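Close look at the chain arrangement
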Amino acid sequence: MQMFNYKALPINVHFGRGRAKEVHSILNEYNFRSVMIITTPEQEADGQKLAEQLGNLCVSVYPKAVMHVPVEVAEQAILEAERLNVDCCLAIGGGSTIGLAKAIALKTALPIVAIPTTYAGSEMTTVYGMTENRLKTTGKDIKVLPKVVIYDPELTLTLPAKISACSGMNAMAHAVEALYAQDKNPIISLMALDSIRALKDALPAIVQDPTDMAAREKATYGAWLAGICLGSVGMAIHHKICHTLGGTYNLPHAEAHAITLAYSVHYNRNADVAAMTQLAQALGGTSHEQVGQLIYELNQKLNISMALKDIGLPEEGPQTVAKIVCDSPYYNPRAYDYDELEQLMQRAYLGLPPN
Ligand code: NAD
């Protein structure tokens, strides 16, 4: 076995159906007394419902989270948290909502309690992101790591099938890249494989029946593990491609991850054969050569968009993305080859199987 380092992140996780009903007692347990609930405009009603449940523990519902945390939105939210003198931000929603809570925490060091309602995984990481003049910058800071995370699969029942599928594949991408991370380690690899198995089983079941509670529970479990992977080890070529697709072309985050994953793993299929064989097995296959095709077929089962052109990538996108990725690469177990990457991005643009 190779040498490795392992560092666990200090987060208290409360997991299970109906756990959101315990928020009042959980907040009491941690001595939070004046809480600002953060949501997107679309989930304001969920925030209000939670506020009723919390009674005088909640001082405000702040329903202004939007995708990619624009700096102006963050500044307003920070002012509001300071004005109300709150002692905790309670984020209920997906990565956008948790992202706004992180922006507040970065400036104020206020603790975050996160109640994720998608599968994106931000709640388990020290990573924050903000957008200014259409440029997204990210950083890492332990201040933004939620103190408490409450996973209640019942809250994901309202997430539409298509968004659930893409969000779940976004989670799977974290787990997949953890398998061949520069700083991979045996514990994270175990979690990654269990995450992939859980998501592979749960997502098609959710697409068939979004009210399938057992599948929702399994997907939430897979997403939790994937979030730990994302928070614990470095990501590689796939995350670099998706950050470029989001940053340069503003493509929808989860869908871009879902479509691109098949091509990223195909590119890496021979790079870390042991990891890729494990990935193939977790996806129901046998050989590292199959990984791209297995993800591609899973996406077909999920009825999601299969082509980057259908989610907004312009025709020149494949060349530009390949160039940006090669010019400022993340670590990857395999060297960056512009021609091969460009050819794969062309196939992803058209939605053709990776080969
Ligand atoms: P999102 O948070 O933008 O949510 C998408 C939409 O779905 C929103 O309108 C939201 O209100 C709605 N929604 C969420 N849960 C719902 C539910 N259960 N029922 C009905 N509607 C629901 O999407 P996301 O994919 O979770 O997050 C994407 C953002 O998170 C991106 O900005 C991405 O960069 C960021 N992110 C950050 C990290 C990190 O570690 N910092 C990790 C993953 C993602």
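As annotated in an unreviewed UniProt entry, the chain carries the name Maleylacetate reductase and comes from Acinetobacter sichuanensis. Taken from UniProt, the Sequence similarities (unreviewed entry) comment for the chain reads in full: "Belongs to the iron-containing alcohol dehydrogenase family."

**Some words on the overall build of the chain**
Scanning the chain from terminus to terminus reveals 13 helices and eight strands. What you see for the chain is a C-alpha radius of gyration of 20 Å, in line with the 20 Å of a compact globule of 355 residues. Structurally, the chain occupies a C-alpha span of about 60 × 40 × 40 Å along its principal axes. Taken over 355 residues, the chain has a buried fraction of 51%. Here the analysis covers contacts within the chain between residues at least 6 apart in sequence; of these, 72% occur between residues at least 24 apart.

**Concerning helix α12 (residues 317–327)**
Within α12, burial applies to Gly-317, Pro-318, Val-321, Ala-322 and Val-325. An end-on view of α12 places all buried positions within 125 degrees of arc, on one side of the element.

**Some thoughts on the site of the ligand**
Lining the immediate environment of the ligand, one finds 29 residues, of which Gly-94, Gly-95, Thr-118, Ala-120 and Ser-122 sit closest. Of all the secondary structure elements, the ones that give two or more residues to the shell around the ligand are α4 (95–108), β6 (127–132), α5 (161–179) and α9 (253–267). Counting contributing residues per domain, the shell around the ligand is built from domain 1 (12–156) and domain 2 (161–350), each supplying no fewer than three.

**What to know about the UniProt feature "domain: Fe-containing alcohol dehydrogenase-like C-terminal" (unreviewed entry) in the chain**
As annotated by UniProt and renumbered to match this structure, "domain: Fe-containing alcohol dehydrogenase-like C-terminal" (unreviewed entry) occupies residues 165–349. Annotation note: span residues 165–349, helix share 70%, strand share 0%, distance between end C-alpha atoms 19 Å.

**Comments concerning the packing of α9 against helix α11 (residues 291–301)**
Put simply, α9 and α11 touch, their axes get as near as 7 Å, and they point 165 degrees apart. Considering their axes alone, α9 and α11 lie roughly antiparallel with respect to each other. Crossing angle aside, the handedness with which α9 passes α11 is left-handed. Residues Ala-258, Leu-261, Ala-262, Tyr-263, Val-265 and His-266 of α9 form the contact with α11, whose own contacting residues are Val-291, Gly-292, Ile-295, Tyr-296 and Asn-299. Its residues placed into classes, the contact of α9 with α11 shows eight nonpolar, three polar and no charged.

**Re the sheet that holds strand β4 (residues 88–93)**
Consider a sheet: its strands pair through backbone hydrogen bonds, and that pairing is either parallel or antiparallel. Taken in spatial order, the six strands line up as β1-β8-β5-β4-β2-β3 in an open sheet, and their pairing is parallel. Only two strands of the sheet have a single neighbouring strand rather than two, namely β1 (12–15) and β3 (58–62). The mean angle between the axes of side-by-side strands here comes to 15 degrees, regardless of whether they run parallel or antiparallel. In this sheet, strand β5 (residues 112–116) lies alongside β4 in parallel orientation, the contact comprising five bridges. Paired with Ile-92 across the two strands is Ile-115, which belongs to β5. Lying over the sheet, helix α2 (residues 44–54) contacts β2 (35–38), β3 and β4, oriented at roughly 175 degrees with respect to β3.

**Here we look at the pairing of β2**
The alternating pattern of β2 places Val-35 and Ile-37 on one face and Met-36 and Ile-38 on the opposite face, and all of these are buried. The pairing of β2 with β3 spans four bridges and is parallel. Across the sheet, residue Ile-38 finds its bridge partner in β3, namely Tyr-62. Considered for its hand, the β-α-β crossover made up of β2, α2 and β3 is right-handed. Pairing geometry for β2 and β4, over four bridges, is parallel. When the bridges of β4 are listed, Val-35 appears paired with Cys-88.

**What to know about the environment of Leu-54**
Within the secondary structure, Leu-54 is located in helix α2. Separated by 60 residues in the primary sequence, Leu-54 and Ala-114 have C-alpha atoms spaced 15 Å apart. The contacts of Leu-54, once residues within four sequence positions are left out, are Val-23, His-24 and Val-35.

Basis of the calculations
- Residues numbered from 1 in each chain as written.
- Predicted model: local features only at pLDDT ≥ 70, side-chain atom pairs only at ≥ 80, totals over all residues.
- UniProt positions renumbered as here; feature names shortened; annotations may be inferred.
- Helix = DSSP H or I, 4+ residues; strand = E, 2+ residues; numbered from the N terminus.
- Rg over C-alpha atoms; globule rule 2.2 N^0.38 Å.
- Buried ≥ 20, exposed ≤ 12 C-beta atoms within 10 Å, placed from the backbone.
- Contact = placed C-beta atoms within 7 Å.
- Arc of directions from axis to C-beta.
- Near = placed C-beta within 6 Å.
- Domains from an automatic or database assignment.
- Axes fitted to C-alpha atoms, helices over the stretch in contact; angles between N-to-C directions.
- Parallel < 35°, antiparallel > 145°, perpendicular 65-115°, else oblique.
- Left-handed = near helix turned anticlockwise from the far one by under 90°.
- Nonpolar A, V, L, I, M, F, W, Y, C, P; charged D, E, K, R; others polar.
- Pairing = 2+ DSSP bridges.
- Right-handed = clockwise from strand over helix to strand, strands pointing away.

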